[in-house]
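Spelled out from the first residue to the last, the chains are:
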Amino acid sequence: HIVAIDAHIEPEASRHYIHHFGFKGSTKACSPDINSMELEDLFFWTHGVEALLMPPEAGIRVGHGHYQSFVLEYHYEIESDDPPKYDSSGVDIFITTTLRPNDVGVLQLGDGKLGTFSIPLGEGTSTFTYLCPPKCSLDKFTAPKLRVFRRALHMHAYGIQMRTTQYARNGTIKRTDAIEFFDFHATSAAEARSIGTGFDVEQGDYFGVECTYHVKPGSPEMPSMGFTSASEMCIDFVFYYPKQPFQICGATMPMGKLLSLTPLGKLTKVMEKVQQIPKMAEIKHGGSKMCYGRYIGHKQVTNEAELRHTFGPSALGASTAGTCTD
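So, here's what we can say about the structure. No experiment lies behind these values; they were computed from the predicted model shown.

### Section: the sheet that holds strand S2 (residues 18-26)
Reading across the sheet, the three strands line up as S3-S2-S6 and stay open at both edges, with antiparallel pairing between neighbours. At either margin of the open sheet sits one strand with a lone partner, and together these are strand S3 (40-45) and strand S6 (69-76). When the angles between neighbouring strand axes are averaged without regard to direction, this sheet yields 20°.

### Observations concerning the pattern of salt bridges
Enumeration according to the criterion identifies 14 salt bridges in this entry. Among the ionic pairs, lysine 135 bridges to aspartate 139, the shortest N-O distance being 2.7 Å. You can see lysine 135 and its partner aspartate 139 sitting in helix H1 (residues 134-140), four residues apart, about one turn around the helix. There is no split in this pair, since lysine 135 and aspartate 139 are both exposed. When salt bridges that share partners are traced, they join Arg151, Arg175, Asp177 and Asp236 into one network.

### Focus on the sheet that holds strand S7 (residues 90-95)
Spatial strand order, S4-S1-S7: three strands in an open sheet with antiparallel pairing. Only two strands of the sheet have a single neighbouring strand rather than two, namely strand S4 (52-53) and S7. The pairing of strand S1 (residues 2-8) with S4 spans two bridges and is antiparallel. In the sheet register, alanine 4 faces S4, and the bridge partner there is leucine 53.

### With respect to the pairing of strand S16 (residues 206-215)
Every regular strand shows the same layout, with side chains that alternate between the two sheet faces. Of all ten residues making up S16, eight are buried, and the element is well covered by its neighbours. Looking at chain direction, strand S10 (residues 124-132) and S16 are connected through nine bridges and run antiparallel. Its bridge partner lying in S16, tyrosine 130 is registered against valine 209. Across eight bridges, strand S12 (residues 159-167) lies against S16 in antiparallel orientation. Counterpart to tyrosine 167 in the pairing with S16 is tyrosine 206.

### Topic: the side chain of glutamine 247
Inspection of the secondary structure puts glutamine 247 in the loop between strand S17 (235-241) and strand S18 (248-250). What makes glutamine 247 buried here is its relative accessible area of 9%. Here valine 106 takes part through its backbone oxygen, which lies 3.4 Å from a polar atom of the side chain of glutamine 247.

### Regarding the state of the cysteines
The full count for this structure, using the stated rule, is two disulfides. Across the disulfide, cysteine 132 is cross-linked to cysteine 249 (sulfur-sulfur distance 2.0 Å). Negative torsions about the S-S bond denote left-handed disulfides, and the value of about 100° found for cysteine 132 with cysteine 249 makes this one right-handed. On the criterion of sequence distance, the pair formed by cysteine 132 in strand S10 and cysteine 249 in strand S18 is long-range, its members being 117 residues apart.

### Some thoughts on the packing of aromatic side chains
In the structure shown here, the tally under the stated rule is eleven aromatic pairs. A centroid spacing of 5.8 Å and a plane angle of 5° characterise the contact between tyrosine 74 and tyrosine 76, whose relative ring orientation is stacked. Accessibility expressed as a relative area gives 27% for tyrosine 74, which makes it partly exposed. Ring pairs connect the aromatic residues Tyr17, Phe21, Trp45, Tyr74 and Tyr76, which therefore count as one cluster. Residue placement shows arginine 175 over the ring face of phenylalanine 199; its charged tip is 4.1 Å from the ring centre.

### Remarks on the environment of glycine 250
One can find glycine 250 in strand S18. Exposure remark for glycine 250: the relative accessible area of 0% places this residue in the buried category. Residues glycine 250 and glycine 115, spaced 135 residues apart in sequence, show a C-alpha to C-alpha distance of 8.2 Å.

The rules behind each value
Residues numbered from 1 in each chain as written. Predicted model: local features only at pLDDT ≥ 70, side-chain atom pairs only at ≥ 80, totals over all residues. Heavy atoms only, no water. Pairing = 2+ DSSP bridges. Helix = DSSP H or I, 4+ residues; strand = E, 2+ residues; numbered from the N terminus. Axes fitted to C-alpha atoms, helices over the stretch in contact; angles between N-to-C directions. Salt bridge = Lys/Arg side-chain N within 4 Å of Asp/Glu carboxyl O. Buried < 20%, exposed > 50% of the residue type's maximum accessible area, 1.4 Å probe, protein only. Polar contact = N/O pair within 3.5 Å; in protein donor to acceptor, adjacent residues only side chain to side chain. Disulfide = S-S within 2.5 Å. Phe/Tyr/Trp six-rings, centres within 6.5 Å; stacked < 30°, edge-to-face > 60°. Lys NZ or Arg CZ within 6 Å of the ring centre and 35° of its normal.

Written as structure tokens, this is what we have:
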């Protein structure tokens, strides 16, 4: 089992132009293409992210029948007129040969595969909402409950608030973890302190993920959902055990499926059609490692006081247990 993963930044100057890097694993002996669905996210580093330490009862399983090969995917931000940069950064991996009782998995809630790719944010403040329905935990869970020990809420520079709400099957709110004042320049993967020592997710539970952005009126370019730092994302990375057979639950439209619809030269037209879909409920998931969720929609927020009120126990009722905001 891997019991800890930490970023190794070298040289130190690399921190200024590494946006992030992801550490991915495959059960194949030779790693597939970087865009292959065979790869699963295990760890990522960006500014402000600390080492991933597994609880004593769990670890990431490696070896025959489990993760056998690994890929590091780097995203750099370098100005076109900058001189060449040299980077030797990577990860330090800590392993025990004494097997632990549970295997760790990583689940992405929200928009893990950019099902909302190219949808514009709009001027002012807006909130995008995503659903991971109860059917996912009912159909996909192979254990009666999971134990979450870490989560990281990911947006880019236009993000100002993010929260994930966990519901019981009957609709009762079980908990809310939120970052009420998101600062991309501090970190693009904020860890909600409210999870404490962890919490359980039971079969039938479902999740709503809300990401709020602000675009200054009169901005020369209108940002949209996308891959670069100039665009936006909304992903809740959840680290848990025991590992389950899927990694993503939300608005999922894999790029491979998108490209299969049309030649590259007509990709823009396809994206225009995607923007015209009011809800992403008809976009199916792209493989067994995903669970069909949906993009509920987005709305403009005109009253900042109203926006602030939506966070914290006051908006959910005084009886809501386990609710806390950072």
